[in-house]
Amino acid sequence: MSPATTTTAPRPARSAPNAWRIEVVRRAGVDDPAASAARRALADAGVSVAALSTVRGYLLPPELTRADAEAAAREVLADPVLDDAHIVEPGHAPAPRPGVQRVLVARKAGVMDPVALTVGRALVRAGLAAGAGGPAPFTATFRGYEIGAQGGAPIARETLLAAAKRGLANEIIEDVLVDDESLHFGPPPPSPRHQLVRVPLREADDARLEAISRDGHLSLSPAEMRAIQAHYRSIAREPTACELETIAQTWSEHCKHKTFTGIVDFEGEVIDNLLKRTIKAATLELDRPWCVSVFHDNAGIVEFDDGFDLAIKVETHNHPSALDPYGGAGTGVGGVVRDILGVGLGARPIANTDAFFVGPLDLPESQVPKGCMHPARILTGVVAGVRDYGNRMGIPTVSGGVWSHPGYLANPLVFAGTVGLLPRWAATKSVEPGDLVVVVGGRTGRDGIHGATFSSAELHEESEIVSGAAVQIGDAIEEKRVLDALLRARDERLYRAVTDCGAGGLSSAVGEMGAECGAEVDLELVPLKYPGLRPEEIWISEAQERMVLAVPPASWERLAAVFAAEDVEATAIGRFTRTGRLVLRYHGEVVGDLDLGFLHEGTPRPVRKASWSRPAFAEPGAPPARDHEGLLLRLLALPDIASKEWIVRQYDHEVQGRSVLKPLVGARMDGPGDAAVLQPLSTSRKGCALACGASPRYGELDPGAMAEAVIDEALRNVVAVGGDPDRTAILDNFSWGNCEKPDRLGALVLAARGCHRAAVAYGTPFVSGKDSLNNEYRIGERSIAIPPTLLVTALSIVPDVARTVSMDLKRAGSRLYLLGSTRAELGGSHYLALLGARGGTPPRPDLATAPRLFRALHRAIGAGVVLAAHDLSEGGLATAAAEMAFAGDLGCRIQLGLVPCPDLPAGFDPDATRLYSESCSRFLVEVGGGRAREFEAFFEGLPCAQVGTVDATRRLCVEGVRGGLVLDVTIDRLRSAHQSGFSS
Amino acid sequence: MSTTRALVLRTAGTNCDAETVRALELSGASVELVHLRRVLAEPARLEEADLVVFPGGFSYGDDVAAGRIFGLELRHGLLEPLCRHVDRGGHVLGICNGFQVLVESGLFEREPGQHELPPRGIALHQNASNRFECRWVTLRAERCAASWLEPGLLIPCPAAHGEGRFVVRDEAVLRRLEARGQIALVYAREDGTTADAYPANPNGSVRSIAGICDPTGRVLGLMPHPERNIDPWHHPHWTRSALSGARTEGEGLEFYRRLVRAAAGTRAAAAVP
């Protein structure tokens, strides 16, 4: 039986699209979970509906015959068991049905629609549309929601529209129609016709310079505009639009890290290049021979084994994710994966890591600032974006975290990271004059071009269309195709260099690759998604899934064949030269001719003021707790601590079959593992451990201590599972407020210096990093900055995967040891946050002791005497012990009097401090009774004490320092509290 | 007995090819990984294989529906050679997205020897949870036409999909599948009893069906991934059971070994007309 392809009595409608419309619905009696989800989403947005069914809609070319349209429905669009299809002919609309209200959601013109691209190609394959050789026919998709009669009056149109906009669509990229069938069909309108645009700059005064920068969305400072003006005066001509755009992209904070590499006046002390003096200095001082490539390529590279290296990069993708959480997070993943494809001659991505920082998830809807999305919706969206991009590419997402804090309400942060595997010979690249500039992958559209450019006043009137198209939408399968083709071409050694098209698009990619020699590009050769782009739009478009290669002419034919075999477009668009100039032509006319020396070295370096003063809070100490059980249960349910199982299970964390230690571990696979461990090569028993650390709550109190603590946390996590602290590389990702403001920049100086101190002390070099420095949101006159946020990611070599340790308790009768000292450091702790107290001293690692402790634990793990190990972090000893117990489906008994803890100052309750202090460099370790002395021997002269035992009671029992139980709770209660943190 | 030759077909979005190739090789097969485009251009390549494998992934992004477009390509370009391959004794395996592709292709419901496909009565629907889920499940082999699968064999391995709920058009379809020995693998609890609820049955499949075969037993498809349980440390409990140091391999390898053994020599039989 084929799907019913009925034609509902259509009515001609002038506004209806000139396209065959196929509406696919679930057949009566077929469960439709998407409809239940939509009903919930509408209810959350304030409209309860009794009956709702979903429609998957497709608009196909009007040139198809009716028979073709019916065949398309039957063969391609509808499932013969699950679906029915309704076909409406071009220029017609479905007949209205009494009592049914229809909500349609469709992408705005020009917004990338990967499904529509697939449908177009499928029509060609099924022989329903011509297109062999040429581009597939244009098609479009939409979603529909049919809302049944309420038994009373229909829902007011405006009410339904508002709820649909909030719950079912994202207005930035989608149009929402209620009982209105006027769907758009066709590519976006072309830009006004190209004329060579020169921007009159040489005679402009400061006000005019500022206006040019502002109106053109160039984000160039007055000093930078003056430097550009001086350059063009010296060469006695005006810049072209293409040139000015290129300079703006190249000099942007995103590409150039002007703040981090600039000159800082920190309370009178001049720091020339903060990055070089702190982060990079640590790597240079450590001079580890296993660091293959650091800081100069798209990712850091470290040695692995057996002729292979590992590459790693973590990126921020904050602003796009605030606008469109799903698309923003997806393109964030796509971007960092391309960094890995573009490091050296390209690496194979083997793992993803993703960290999210969002506002309070339980915030009442009324307190969400205007123009912002509710944090819970942002989190759901970014998780789905990461899921769909990572899963489709077949890269396991194995690590990450969620942090919640009011400071992220208007400025959520999304960090996406990727680990790659590459043969050692592929770690370096070069560009030779004469090599072809080849762009591969997706086509170029107006994606990611921010609004209008300088010259054309008319463009402003179109800015809505332009900004709709400006959002970047990813197409994971296009990137997967690029991956498949690129690595095959790499192994045939068909190109000499590769880089990704990220921020700034081709302008950055070609500009960087040609920096040492020169390049010329014919912009009309770049394949376009739709006609009508101006040359500067082509040049700076941030359309996704594109890479640029330097290909020796002799290899071109073979390279083109390799890419064609994978259905990937590869196009030679220019040549690298030896002129030291970047020359851009459009149909033969020179539209840009830039001196590469000026482009890369001409940025002025202003001096920025920085200062910092400790926030004025009274020391809250550690107040005693009346109800430790209640407190612990609340701690376990906090978003930062609670189980992330609902997120982890949506990620395919097993694909590629390299998993050794999964994100969730233990008897019921519900224990939060400290780090994921992978076996990158089946020919080597070596593994790699991946984990991260962050603590914005410490950052508010003391950015320097925060940096040290966060590095300590990332290292604890990898060491706990068996990572070698002496073979660990770390990455820094700073997300900060506006560093034009001295206090924000002062905090950055302190944090960067903390990074230097800790990296040197632990012997862990930074191999890559990235910063995002403008995370402020203006509400009226008030500007709110995010808390200083440093995410540190650690990648560690595990000498033998068979020695990997998980955190779940293993055996009744074994001993529990606490490593490290517990101190009066509750500042920024979750304990104080729950009590509503602020201030205090945040934890800071003892940099003399901690590295020795980590090495000792690593040796003990290597000797096989450790049954389980878990780091103490958020929530301190209490949460660590609880997690180990329920993960192991066992019980344990801990005596707080045995916890290594120096004398506490007044105001620090001895039990509360021992249970909830988040002091650094601590682990809770399970050791079999028979190997206790062997274990203890590794820790001579280091803080290490047996604090308890493992039992089969399935209870967590804690004796206070004065004796007597302060906590006695079943692991079932602990587990359910841990599982209850996210209501979604 | 000659070495089993396996042809693993990949296309845009295939992403479990490497681990599938490895599992087949560890099971003794000689494996060739080929792009679908090449096989569409030279369908005769199927004749060189004893076993044709459709690995997991997101072919064409699972756009429209999981496996839909790849299935369309099979029906339009490869159906006849695939039917011939099966009819002469060759084996076909589809895992996860490969299973979805085979369901779309119609191969499971074909009468052996016929190249005409009856209307489809089975489908892989969206998970009841409405989301992609990655979790370990236990597979139990049933008494079925795929006699190479030992009934009662338990295979713990990960499932990772969003559209894996096995459904039928009506009860008659289910009865027919049962009568012809087509129910090959079901979701079970760790103790081997049939899973009757989520999450042991991870997607809401009717009768907890995780995999089926065609009436010959030579075409088999399943949603979960035995190729992801090959090494001793793939199992989520290995750090608990490894206390004894006993694990030498993952349970998924036995599945591939049996299949590779069963498929051995079928190509040679075909070579003699």
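Residues numbered from 1 in each chain as written. Chains lettered and ligands numbered in written order. Predicted model: local features only at pLDDT ≥ 70, side-chain atom pairs only at ≥ 80, totals over all residues. Heavy atoms only, no water.

*Asks:* An account of the sheet that holds strand β7 (residues 154-161) of chain B is requested, with residue identities and associated values reported.
*Replies:* All names here are of chain B. As summarised here, the arrangement of the nine strands in space is β2-β1-β3-β4-β11-β10-β9-β6-β7, forming an open sheet in which the pairing is mixed. The sheet is open, and its two edges are formed by β2 (30-35) and β7, each paired on a single side. Along the sheet, successive strands turn relative to each other by an average axial angle of 25°, direction set aside. One ladder, built from three bridges, connects strand β9 (residues 183-188) with strand β10 (residues 209-213); its direction is antiparallel. Its bridge partner lying in β10, isoleucine 183 is registered against isoleucine 212. (Pairing = 2+ DSSP bridges. Helix = DSSP H or I, 4+ residues; strand = E, 2+ residues; numbered from the N terminus. Axes fitted to C-alpha atoms, helices over the stretch in contact; angles between N-to-C directions.)

*Asks:* With reference to specific residues and values, describe the packing of helix α3 (residues 114-125) of chain A against helix α3 (residues 68-77) of chain B.
*Replies:* In the contact formed by α3 of chain A and α3 of chain B, the axes pass within 11 Å of each other and the chain directions differ by 10°. Accordingly, the angle class assigned to the pair α3 of chain A and α3 of chain B is roughly parallel. Seen from α3 of chain A, the contacting residues are Thr118, Ala122 and Arg125 of chain A; seen from α3 of chain B, they are Ile69, Leu72 and Glu73 of chain B. (Parallel < 35°, antiparallel > 145°, perpendicular 65-115°, else oblique. Contact = heavy atoms within 4.5 Å.)

*Asks:* Outline the interface of chain B and chain A, supporting the account with residue identities and numerical values.
*Replies:* Each partner contributes residues to the interface: chain B has 56 residues there, and chain A has 74 residues. Counting the surface lost from both chain B and chain A, the interface buries some 5,200 Å², and carbon and sulfur atoms represent 53% of this. Three residues, Val64, Trp233 and Arg240 of chain B, lead the burial of chain B against chain A; their summed loss comes to 13% of the area buried on that side. Summed over the shared surface of chain B and chain A, the result is nine salt bridges. Aspartate 808 of chain A is the salt-bridge partner of arginine 240 of chain B, the closest N and O atoms lying 2.5 Å from each other. The set of elements that each furnish at least two residues to the side of chain B that touches chain A consists of α1 (17-26), β2, α3, β5 (122-125), β6 (133-141), β7, β8 (165-168) and α7 (238-241) of chain B. Considering each element in turn, the side of chain B that touches chain A owes the most residues, six residues, to α3 of chain B. In terms of residue class, the side of chain B that touches chain A is made up of 23 nonpolar, 15 polar and 18 charged. (Buried area = accessible area lost by both parts, 1.4 Å probe. Salt bridge = Lys/Arg side-chain N within 4 Å of Asp/Glu carboxyl O. Nonpolar A, V, L, I, M, F, W, Y, C, P; charged D, E, K, R; others polar.)

*Asks:* Lay out helix α32 (residues 971-979) of chain A in plain terms, naming residues and giving numbers.
*Replies:* All names here are of chain A. When α32 is considered as a whole, its buried residues turn out to be Ile971, Leu974, Arg975, Ala977 and His978. For α32, the buried positions fall inside an angular range of 160° around the axis, keeping them on one side. Close packing links the buried residues of α32 with α22 (628-636), β28 (671-672), α29 (876-888), β41 (955-959) and β42 (965-970). (Buried < 20%, exposed > 50% of the residue type's maximum accessible area, 1.4 Å probe, protein only. Arc of directions from axis to C-beta.)

*Asks:* Summarise the sheet that holds strand β10 (residues 263-266) of chain A; cite the residues concerned and give the values.
*Replies:* Residue and element names in this part refer to chain A. Read across the open sheet, the three strands follow the order β11-β10-β25; overall the sheet is mixed. One side of each edge strand has no neighbouring strand; the edge strands of this open sheet are β11 (269-272) and β25 (607-610). When the angles between neighbouring strand axes are averaged without regard to direction, this sheet yields 25°.

Any link to function would need more than the numbers given here.
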